[in-house]
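Listed below, chain by chain, are the residues.
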Amino acid sequence: MKRELPDEAATVALGRQLAPLLMPGMVVWLDGDLGAGKTTLVRALLRALGYAGPVKSPTYTLVEVYVVSSIYWYHFDFYRFSDPEEFADAGLDEYFRDDAVCLVEWPEKAAGFVPPADLALHLRFPAHDACAGRIVELLARSERGLKCLTALANPACQGED
Ligand code: ADP
Ligand code: MG
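Summarised in this report is the structure supplied together with it. (Residues numbered from 1 in each chain as written. Chains lettered and ligands numbered in written order. Predicted model: local features only at pLDDT ≥ 70, side-chain atom pairs only at ≥ 80, totals over all residues. Heavy atoms only, no water.)

### A look at the coordination of the magnesium ion (ligand 2)
Reasoning step 1: Around the magnesium ion (ligand 2), the protein contributes the donor atoms Thr39 (OG1) and Glu105 (OE), at 2.1 to 2.2 Å from the metal centre. On the criterion of sequence distance, the pair formed by Thr39 in helix α2 (residues 38-48) and Glu105 in strand β5 (residues 100-105) is long-range, its members being 66 residues apart. (Donors = N, O, S within 2.8 Å, 3.2 Å for Na, K, Ca; no water. Helix = DSSP H or I, 4+ residues; strand = E, 2+ residues; numbered from the N terminus.)

Here it is as structure tokens:
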């Protein structure tokens, strides 16, 4: 599924739509160049869930922890990894649990170590400089991920099983 995100508000709107669809145990990969809007999307998602505090990029901390709606939300950023093995060295496996949602920026920097995604979001800049905004491609990589995308594509069906 592909969507155009003509401005920041569109990225925020996508984060809001995605927020209620993510279930504990899910892993979401966000990839795309610096400035593509990965952190913007995560921030919007957490805000939509009612988190009112600051949502900083975890570029330096590796992971930021949020507890919202009795669920752990872990926001990772592996940009600074020089070797994927750093994922294992830091013991990050422990975060990927059934009671947590893991949102991962730069998953490719931890390739082979980071658990697989239920949903993979690819954010990119449009090919022509003339047009602003971003383009997002959303890929389901599991049954749960597919349910999310189906609900996202058919907002009227949200909440049904
Ligand atoms: P990343 O985490 O991918 O490095 P950030 O979310 O930190 O990116 O930064 C993205 C920047 O682009 C922010 O300044 C944000 O306002 C802007 N932005 C986000 N989405 C869009 C969009 N769809 N169109 C234009 N600008 C956007
Ligand atoms: Mg970021």
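### Some points on the nonpolar core
Reasoning step 1: By size, the foremost hydrophobic cluster in this structure holds 31 residues, and its most contacted members are Leu18, Leu22, Leu45, Trp73, Leu103, Leu119 and Leu121.
Reasoning step 2: What Leu18 contacts, discounting residues up to four positions off in sequence, is Leu41, Leu45, Leu119, Leu121 and Leu152. (Core = buried A, V, L, I, M, F, W, Y, C linked by side-chain atoms within 4.5 Å. Buried < 20%, exposed > 50% of the residue type's maximum accessible area, 1.4 Å probe, protein only. Contact = heavy atoms within 4.5 Å.)

### With respect to the sheet that holds strand β1 (residues 2-5)
Reasoning step 1: Pairing is mixed in the open sheet, where 7 strands are placed in the order β1-β7-β6-β2-β5-β4-β3. Across the chains shown, the open sheet's two edge strands, defined by having one partner strand only, are β1 and β3 (63-68). When strand polarity is set aside, the average angle formed by the axes of neighbouring strands in this sheet is 20°.
Reasoning step 2: Bridge count for strand β4 (residues 71-77) against β5 is 6 bridges, and the pairing is parallel. The partner of His75 across the bridge, within β5, is Leu103.
Reasoning step 3: In the packing of helix α4 (residues 143-153) onto the sheet, contacts are made with β1, β6 (119-124) and β7 (134-140), and the angle to β7 comes to roughly 135°. (Pairing = 2+ DSSP bridges. Axes fitted to C-alpha atoms, helices over the stretch in contact; angles between N-to-C directions.)

### Some thoughts on the pairing of β3
Reasoning step 1: Pairing of β3 with β4, which is carried by 6 bridges, proceeds in the antiparallel orientation. In the sheet register, Val68 faces β4, and the bridge partner there is Ile71.
Reasoning step 2: Linking β3 back to β4 in an antiparallel pair, the connection comprises 2 residues, with Ser69 at a positive phi of about 50°.

### Side note on the packing of aromatic side chains
Reasoning step 1: The full count for this structure, using the stated rule, is 11 aromatic pairs.
Reasoning step 2: Both rings, one in Tyr74 and one in Phe76, keep their centres 6.4 Å apart while their planes meet at 55°; by these two values the pair is tilted. Phe76 shares its class with Tyr74; the two are buried.
Reasoning step 3: Summarising the aromatic geometry, the rings of Phe78 and Phe87 are spaced 5.6 Å apart at their centres and angled 90° between planes, so their arrangement reads as edge-to-face. Grouping residues by exposure puts Phe78 and Phe87 together as buried.
Reasoning step 4: Members of the aromatic cluster, joined through ring pairs, are Tyr72, Tyr74, Phe76, Phe78, Phe81, Phe87, Tyr95 and Phe96.
Reasoning step 5: Sitting over the face of the ring of Tyr72, Arg97 holds its NZ or CZ atom 5.1 Å from the ring centroid.
Reasoning step 6: The ring centre of Tyr79 lies 5.2 Å from the NZ or CZ of Lys109, which sits over that ring. (Phe/Tyr/Trp six-rings, centres within 6.5 Å; stacked < 30°, edge-to-face > 60°. Lys NZ or Arg CZ within 6 Å of the ring centre and 35° of its normal.)

### Remarks on the site of ligand 1
Reasoning step 1: Taken together, 16 residues are adjacent to ligand 1, and Glu8, Thr11, Gly35, Lys38 and Thr40 come closest.
Reasoning step 2: Note that an oxygen atom of ligand 1 is positioned 2.8 Å from one of the backbone N or O atoms of Gly35.
Reasoning step 3: Contact distances for ligand 1 include 2.9 Å between an oxygen atom and a side-chain N or O atom of Thr39.
Reasoning step 4: Contact with the protein chains hides 73% of the accessible area of ligand 1, taken as 570 Å² for the molecule alone.
Reasoning step 5: In a pocket analysis with a 2 Å cut-off to the grid points, ligand 1 is assigned to the second largest pocket.
Reasoning step 6: Of all the secondary-structure elements, those providing two or more residues to the shell around ligand 1 are α1 (8-18) and α2.
Reasoning step 7: Sort the elements by how many residues they give to the shell around ligand 1 and α2 lands first, with 3 residues.
Reasoning step 8: In terms of residue class, the shell around ligand 1 is made up of 4 nonpolar, 6 polar and 6 charged. (Near = heavy atom within 4 Å. Polar contact = N/O pair within 3.5 Å; in protein donor to acceptor, adjacent residues only side chain to side chain. Areas by Shrake-Rupley, 256 points an atom, 1.4 Å probe, with all protein chains shown as cover. 1 Å grid on protein atoms, 1.4 Å probe; cavity = no way out; pocket = protein on both sides within 12 Å on 5 of 7 lines; lining within 4 Å. Sits in = over half its atoms within 2 Å of the grid points. Nonpolar A, V, L, I, M, F, W, Y, C, P; charged D, E, K, R; others polar.)

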